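In case you want the letters, here they are:
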Amino acid sequence: MADSFLFQLAGAVVEAIGSEAVKEIASIWGVKEDLDELGDTLSTIKGVLRNAEKRQQGGDRVVESWLERLEHVVKDVDNLLDDVSYESLRKTTTPGKKVCNLLSLPKGLVFRHKVAHRIKAIRRRLAKIGEDKNHFDLQHSNDSEESTVPNRSERETHSYVNEEEVTGREKEKKEILELLSLGAESETSHEDLSVIPIVGIGGLGKTTLAKQVYNDPRVIKHFELRIWVYVSEDFNVRSIVEKIIKSEDQTLAQGLHEMQQLQRKLREEILNGKRYLLVLDDVWNEDPMKWGELETLLRNNGKGGNKILLTTRNEDVSKITSRMEPYCLHSLDGDNSWDLFKRIAFVQVEDLIDNHKVSIGREIVKKCHGIPLAIKSVASLLRANPEIDHWLSFKDKLSSISEDSQGHGHILQTLRLSYEFLPSATKRCFAFLSLYPKGYEIDKIMSIDHWLAQGFITSTSNSSHEPIEEAALRCFEGLVSRSFLEYDQGYHGQYKMHDLVHDLAVWVGGKRYAILSNDEATIDERSTRYVSLQLNNLRPSFTSQIRSSLVQAKMIQSIIIPTESNFAIVDRRFEPSFYKEMLSKFKFLRSLDLHNSGIEIVPESIAKLKHLRTLDLSRNVELKTLPDSISKLLNLQSLNLSSCFSLEELPRGVSQLVNLRNLRLDYCHCLTHLPSGLGQLSNLQTLSRLVLSEDSQSAKVEDLRNLNSLRGGLEIRNLKHGMDIEVANFGEKRYLQSLSLFWGHDVAMDAIGHERTLRGTQYIPSLKDFTLNGYGGVCLSSWFPFTKLVLLKLEMMPALEYVTGSSCERSRQSMIMPSLKELRLTNLPNLKGWWREMDKGNEDDSDLFMLPCFPQLGSLYICHCPRLTCMPLFPFLDWELQLRNTSWKLLLKTIKQKQINPQMDEMSASSSTSTFCASLSKVQRVILSKNDDLEFFPDYLRNLTSMWYLKIEEFPRLKSLSPGVQYFVSLIELHIGSCEMVDLCDDSVWQSLRRLTHLSLRELPQLVDLPDGLQHVTTL
């Protein structure tokens, strides 16, 4: 399937031919005239590409074939220019070489001859393509004009719905109705107008749900005026206003030609003094200015409680239209999906007693994944073809998408329509995701690296300072907001693609993309550019078949081997000879993804991949070194070695990779040093780990001096070798968001030396995460804390006594670190308090009266800090509290503070807790460990009413969970271990735990049998 990728690529190639660098080289080699003519021909053809792509989308197979021929030639030109650029770069970066040698060396002369020959051959091919275009009557179009979007008039909606045809949305309808009633109980409501966005992928039934709500009797009774407007992609304020006016009376908008007349009619006659519900169906607009213009006309109509119910596939639309969280519509569950299917597909009642047909039907329903549109389309087709053989055939073919207009149109019409409205660059990026298996956890960073390597994103925003990675990130987030990707809330926090969306990606990718699997080992030798090896078993015969297919497709630009996010490798290791052959045959590779593939040795022949931009070797746990030849990959932009646990060093030539932008070394625990010269990599955006060493040939802190474009996170190890880190110039690293400093533990350093080192970390404007490990000072620097910090970790500091050397100025300060959401204090045996100086009598309630607090802190972890008794309070925790081998005075002070300090109400209003609540009443997980004093769970823990997870360990004197346990009404999961004296036989312990589903009891000597009181816990 062709799209505007060819138009964009042709434009990039024409621009490259006209660049000064290429002109200079072409002049030296005597090929400038040929190259100019090639550029002129391509520029002329480019002018008709928009029209050609439109013709191809309309089904013109002749034009489609012409476009495929053109794409092959343009790709060849692109590769040719890349070869020329690489050769020029090689001459200027190779030590001891000079540009004047470009023509004198025999190899240079041979290369020049080959280039000249390739240019002439390409010119002949392109000239023939240029002649052929004259046979198609193609029209020139403006370069900035996007491909024509499909006609959507047939999709226009209305407000009528047959309730009997709707299945499985009773819960969603009830929830929307509840949202509509908010703020609408009285005419004096302060909420003049509120917007409720319903968000979800196409085909989920957003419009149907809106119809149900719109026609509900309670809605009809509540709102004096109900208006339904189908908006579509053209968010024209004038048109919307006209539709609202016509919804009351078709004649009212007649004769109103000026916008001023329309707005007066709208505000003074239609909306004035009426509580209204306006449904805006199928909104695509992302321009806040346009939305603001419409919203202004709809507000202040003299009556409160007005509502807009808006349906959209794009979460970004909801962000600019509403302050409330969007209502995300999900797929139907299995039972409702089956009910919807059988009501349509089974014509005769007796069909429902045909067990074989019912079984086939249920399998088909599973493949529709709860999408009502797909279920209805499939069921309608099967209703018209009730023969069992047809059902069996359809079941087998459902997962694969063909270009048959009827089959594809009925199943994925709406999703395809969503695709057509994606920006050109996003379309290309979306198609690339078809290389991942269904249900695969898609990594955002890895995907972006591949996109950039292939040149899918060739320009950024208007800001000349914005790196291209930011544009790629917006592209990825655009796919998420439009529901093409869904964030997986699981442990790994990756993204997934709905199976039907994946089918669409496979369809739009066409022959350019190929998946080699145990079921399919052949590819289109001429058209395939991107290959995915999805293999479960590498039998020798099958490996040979893969090799045969790959070798024939010599123009491949990307190879990926998707693996799950764990480190298990089962029958997925290729023989070393396979990797050698891969690297020697596919000289046009631009991205190579071998993450978690089991590779142990990277062949020297990798140097042949001079077009390579992205190399992912992450999670190869046996990989120890890289070949020196990797320094010849001068076009390399991203090198990912994260979680290569055995990696010991990098080649010294890494500093020659002048185009390198991302060097990822997370969790490379065996790295002993990095090579010197990293400071020469001026394009570096990501350097996740810097390992220092006393070796003169290793990287130093001063290598960071001019790397001021670093983004994301930086971890510096072995600071014992870099005492003066002021030379790192941290103050200029304005994009750095995370900094972790690790001091070595094997060499002693006086506390003053540590403090001098820490002073070198000047204020970093964008820093959000800060970790200190092994720091040997008594307190931190005077500039601490950072006001923008979101995460702070202080670990393994034996000498630390105070976090800050300043005093607690409680009379001036009610809050501290206003943005901090997570705090971890671990293994700080001498830490006494947050401040060096506290007023006398700090244990009194009077002292608590003005003690500062963390207003946004959601999670607190304090482990092995036995002397810590005073720190800012943490009343607004809403996720987790961990206290291990730490005084409970901190907990008690926080609880008492809420009861004493009247300013806490004011602070809670400015924090994430917007309404009055008892201290710690929002915390959900609590882990308590190593308390030698507690005998009974205290009554003051009554505030923990939201806690659903509780873990208690190593309380040697604890006898009972009472009386505090009776207040844990939300508890779902309880773990008790290593409590020698605890007695759980008291029935009162269990009577209040009416929601408990998980119970773990271990190392409790007093527990002989399960407590009788468990009979009260019926939810286990």
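What counts and what doesn't
Residues numbered from 1 in each chain as written. Predicted model: local features only at pLDDT ≥ 70, side-chain atom pairs only at ≥ 80, totals over all residues. Heavy atoms only, no water. Pairing = 2+ DSSP bridges. Helix = DSSP H or I, 4+ residues; strand = E, 2+ residues; numbered from the N terminus. Axes fitted to C-alpha atoms, helices over the stretch in contact; angles between N-to-C directions. Phe/Tyr/Trp six-rings, centres within 6.5 Å; stacked < 30°, edge-to-face > 60°. Buried < 20%, exposed > 50% of the residue type's maximum accessible area, 1.4 Å probe, protein only. Lys NZ or Arg CZ within 6 Å of the ring centre and 35° of its normal. Salt bridge = Lys/Arg side-chain N within 4 Å of Asp/Glu carboxyl O. Contact = heavy atoms within 4.5 Å. Disulfide = S-S within 2.5 Å. Polar contact = N/O pair within 3.5 Å; in protein donor to acceptor, adjacent residues only side chain to side chain. Parallel < 35°, antiparallel > 145°, perpendicular 65-115°, else oblique. Nonpolar A, V, L, I, M, F, W, Y, C, P; charged D, E, K, R; others polar. Patch = residues over 30% accessible without salt bridge, like charges linked within 9 Å, V, L, I, M, F, W, Y side chains within 5 Å. Areas by Shrake-Rupley, 256 points an atom, 1.4 Å probe, with all protein chains shown as cover. Lys, Arg positive; Asp, Glu negative; His and termini not counted. Charge placed at Lys NZ, Arg CZ, Asp CG, Glu CD. pLDDT = per-residue confidence, 0-100.

Novice: Describe the sheet that holds strand 17 (residues 712-717), listing the residues and the values that go with them.
Specialist: Ordered by their spatial adjacency, twelve strands build an open sheet running 16-17-18-19-20-22-24-25-26-28-30-31, and the pairing between neighbours is parallel. Unpaired on one side and paired on the other, strand 16 (689-691) and strand 31 (998-1002) mark the two borders of the sheet. Averaged over neighbouring strand pairs, the angle between their axes works out to 5° when direction is ignored. As defined by bridge partners, strand 19 (residues 769-773) adjoins strand 20 (residues 791-795) across five bridges and the pair is classed as parallel. Within the sheet, the bridge partner assigned to threonine 771 lies in strand 20 and is lysine 793.

Novice: Tell me what's going on with the packing of aromatic side chains, and back it up with residues and numbers.
Specialist: A complete count under the given rule lists 24 aromatic pairs for this structure. Taking the centre distance of 5.9 Å and the plane angle of 75° together, the rings of phenylalanine 456 and tyrosine 530 count as edge-to-face. Here phenylalanine 456, found in the loop between helix 20 (444-453) and helix 21 (468-481), pairs with tyrosine 530, found in strand 9 (residues 530-534); they are 74 residues apart in sequence, far enough to count as distant. For the pair phenylalanine 456 and tyrosine 530, one class covers both residues: buried. Pairing phenylalanine 937 with phenylalanine 968 gives two aromatic rings, centres 6.2 Å apart and planes at 80°, and the pair type is edge-to-face. With phenylalanine 937 in strand 27 (residues 936-937) and phenylalanine 968 in the loop between strand 29 (960-963) and strand 30 (973-977), this residue pair connects regions lying 31 residues apart in the sequence. By relative accessible area, phenylalanine 937 is classed as buried at 1%. Every member of this aromatic cluster is reached through a ring pair, and the members are Trp338, Phe341, Phe346 and Trp391. When the ring centre of tyrosine 861 is taken as origin, the NZ or CZ atom of arginine 824, which lies over that ring, is 3.7 Å away.

Novice: Outline the pattern of salt bridges, listing residues and values.
Specialist: If you walk through the whole model with that rule in mind, you get 45 salt bridges. In this structure, lysine 265 and glutamate 269 form a salt bridge, with 3.1 Å as the shortest nitrogen-oxygen distance. Here the residue lysine 265 and the residue glutamate 269 both occupy positions in helix 11 (residues 259-270), the gap between them amounting to four residues, near one helical turn. A relative accessible area of 16% means that lysine 265 is categorised as buried. What makes glutamate 269 partly exposed here is its relative accessible area of 46%. Residues joined in a network through salt bridges with shared partners are Arg884, Lys951, Glu953, Arg1002 and Glu1003.

Novice: Summarise the sheet that holds strand 5 (residues 327-328); cite the residues concerned and give the values.
Specialist: Read across the open sheet, the five strands follow the order 2-3-4-1-5; overall the sheet is parallel. With partners counted over all chains shown, the strands left at the sheet margins are strand 2 (225-232) and strand 5, one partner each. Note: strand 1 (residues 193-199) against strand 4 (residues 306-312), seven bridges, orientation parallel. Across the sheet, the residue bridging to proline 197 is leucine 310, located in strand 4. Across the sheet, helix 10 (residues 237-248) touches strand 2 and strand 3 (276-283), and the angle it forms with strand 2 is around 140°. Helix 12 (residues 288-298) contacts strand 1, strand 3 and strand 4 of the sheet and is inclined by roughly 165° relative to strand 3.

Novice: Pulling in residues and values, what's your account of the state of the cysteines?
Specialist: Tallying each qualifying case throughout the model produces zero disulfides. Cysteine 668 forms no disulfide, and the closest cysteine sulfur to it belongs to cysteine 644, at a distance of 5.4 Å. Of the residues examined, cysteine 668 reaches a relative accessible area of 0% and is grouped as buried. Residue cysteine 670 stays outside any disulfide, its sulfur separated by 9.0 Å from that of cysteine 668, the closest cysteine.

Novice: Describe in detail the pairing of strand 22 (residues 822-826), supporting the description with residues and values.
Specialist: Going residue by residue along strand 22, you find Leu823 and Leu825 tucked away on one face and Glu822, Arg824 and Thr826 left uncovered on the opposite face. The pairing of strand 20 with strand 22 spans five bridges and is parallel. Within the sheet, the bridge partner assigned to leucine 791 lies in strand 22 and is glutamate 822. In this sheet, strand 24 (residues 859-865) lies alongside strand 22 in parallel orientation, the contact comprising five bridges. Across the sheet, glutamate 822 pairs through a bridge with serine 859, a residue of strand 24.

Novice: Please give an account of helix 20 that cites residues and values.
Specialist: The buried fraction of helix 20 is high, at eight of ten residues. Regarding helix 20, the residues found buried are Met446, Ser447, Ile448, Asp449, His450, Trp451, Leu452 and Ala453. With a side-chain oxygen lying 3.0 Å from the backbone nitrogen of isoleucine 445, the N-terminal cap of helix 20 falls on aspartate 443. Backbone geometry just after helix 20 places glycine 455 at a positive phi near 75°.

Novice: Quick rundown of the environment of glutamate 175? Include the residues and the values.
Specialist: Position of glutamate 175 relative to the elements: it lies in helix 7 (residues 170-181). Separated by 152 residues in the primary sequence, glutamate 175 and tyrosine 327 place their C-alpha atoms 9.1 Å from one another.

Novice: Tell me about the packing of helix 11 against helix 12, and name the residues and values.
Specialist: As a packed pair, helix 11 and helix 12 sit with axes 9 Å apart at the nearest point and diverge in direction by 45°. With respect to their mutual orientation, helix 11 and helix 12 come out oblique. Here Met259, Gln263, Leu266 and Arg267 of helix 11 lie close against helix 12, whose contacting residues are Thr296, Leu297 and Leu298. The residue makeup of the contact of helix 11 with helix 12, split by class, is four nonpolar, two polar and one charged.

Novice: Report on a negative patch on the surface, specifying residues and quantitative values.
Specialist: A cluster of like negative charges, contributed by Glu604, Asp628, Glu648 and Glu649, occupies part of the molecular surface. For aspartate 628, the position within the fold is in the loop between strand 12 (614-616) and strand 13 (638-640).

Novice: Outline the side chain of serine 447, listing residues and values.
Specialist: Within the secondary structure, serine 447 is located in helix 20. A polar side-chain atom of serine 447 sits 2.8 Å from the main-chain carbonyl oxygen of aspartate 443. Filtering out sequence-adjacent residues up to four positions away, serine 447 remains in contact with Leu433, Tyr436, Ile442 and Phe476.

Novice: Can you break down unusual backbone geometry residue by residue, with the values?
Specialist: A cis amide bond links serine 962 to the next residue, proline 963, at an omega of 0°. Even without a glycine there, the phi angle at aspartate 282 is positive, about 65°. Residue aspartate 282 is classed as buried on the basis of its relative accessible area of 4%. At glutamate 954, a position not held by glycine, the phi torsion is positive, near 55°. Looking at the element boundaries, glutamate 954 is found in the loop between strand 28 (949-953) and strand 29. The class for glutamate 954 is partly exposed, based on a relative accessible area of 35%.

Novice: Explain the environment of arginine 613 to me, and be specific about the residues and the numbers.
Specialist: Relative to the elements of secondary structure, arginine 613 occurs in the loop between strand 11 (591-593) and strand 12. In this structure arginine 613 comes out as buried when scored by relative accessible area, which is 12%. C-alpha of arginine 613 to C-alpha of glutamine 454: the two residues are 159 residues apart in sequence and 8.1 Å apart in space. Apart from the residues lying within four places of it in its own chain, the contact partners of arginine 613 are Asp82, Ala453, Arg590, Asn635, Leu636, Gln637 and Ser638.

Novice: Summarise helix 8 (residues 206-214); cite the residues concerned and give the values.
Specialist: Each α-helix winds once per 3.6 residues, and so residues spaced three or four apart point in a common direction. Along helix 8, eight of the nine residues are buried, which leaves the element largely enclosed by surrounding structure. Turning to helix 8, its buried residues are Lys206, Thr207, Leu209, Ala210, Lys211, Gln212, Val213 and Tyr214.

Novice: How would you summarise the confidence of the model for the chain if you had to cite specific residues and measurements?
Specialist: Counting all residues, the mean pLDDT for the chain is 81, and 82% of those residues have values of 70 or more. Overall, residues 182-189 carries pLDDT values under 50, and its contacts beyond four positions in sequence, including any with other chains, amount to 14 contacts. Within the model, pLDDT remains below 50 along residues 906-916, and this stretch shows 20 contacts once partners closer than five positions in the same chain are excluded.

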